[in-house]
Amino acid sequence: MPHRTIAETLRQSRLLHALKQAEVANKLGMRQSQISTLERGLVSPRLSTVEDVARVLDLELMLVPRQLVPVVKGLVEGNRGNVTEERALYTLDEDDDRQQTKDRDSETS
């Protein structure tokens, strides 16, 4: 999935829900022009505004630790049925890998 901005994601979600900008605005007590400006990325809105718009569109904002971004992307893509190749959702750190090797060695002894 190509990188999309928050503004593009909000617009795509609104379209998927078959909502007009005015409908989203009315649910939030905003003007349609504010939703338009937000979707075009012409403003730097308050985080609370983005959260409110996202929730109306059945989206949730969350902060993800950087090392988990590939896992989250894999889950999102897999959930959409867009999996084109099979791959692990996570990888072991070197320490984890060494511990697994030790565990296997102790089991076979």
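Our structure is the block above this text.
No experiment lies behind these values; they were computed from the predicted model shown.

Cut-offs applied
- Residues numbered from 1 in each chain as written.
- Predicted model: local features only at pLDDT ≥ 70, side-chain atom pairs only at ≥ 80, totals over all residues.
- Heavy atoms only, no water.
- Helix = DSSP H or I, 4+ residues; strand = E, 2+ residues; numbered from the N terminus.
- Buried < 20%, exposed > 50% of the residue type's maximum accessible area, 1.4 Å probe, protein only.
- Axes fitted to C-alpha atoms, helices over the stretch in contact; angles between N-to-C directions.
- Parallel < 35°, antiparallel > 145°, perpendicular 65-115°, else oblique.
- Left-handed = near helix turned anticlockwise from the far one by under 90°.
- Contact = heavy atoms within 4.5 Å.
- Nonpolar A, V, L, I, M, F, W, Y, C, P; charged D, E, K, R; others polar.

A. Broad picture of unusual backbone geometry. Unusually for a residue other than glycine, alanine 18 sits at a positive phi of about 55°. Within the secondary structure, alanine 18 sits in the loop between helix 1 (6-16) and helix 2 (21-28). When its relative accessible area of 65% is taken as the criterion, alanine 18 is described as exposed. Look at aspartate 58: it is not a glycine, yet its phi comes out positive at around 60°. If you trace the backbone, aspartate 58 turns up in the loop between helix 4 (47-56) and helix 5 (69-79).

B. Structural context of the packing of helix 2 against helix 3 (residues 32-39). Remark: helix 2 packs on helix 3, axes separated minimally by 8 Å, with the N-to-C direction vectors making an angle of 115°. In this view, helix 2 runs roughly perpendicular relative to helix 3, as classed from their interaxial angle. Handedness of the helix 2/helix 3 crossing: right-handed. Judged by residue contacts, Gln21, Ala22, Val24 and Ala25 of helix 2 engage Gln32, Ile35, Ser36 and Glu39 from helix 3. Across the contact of helix 2 with helix 3, the residue classes tally to four nonpolar, three polar and one charged.

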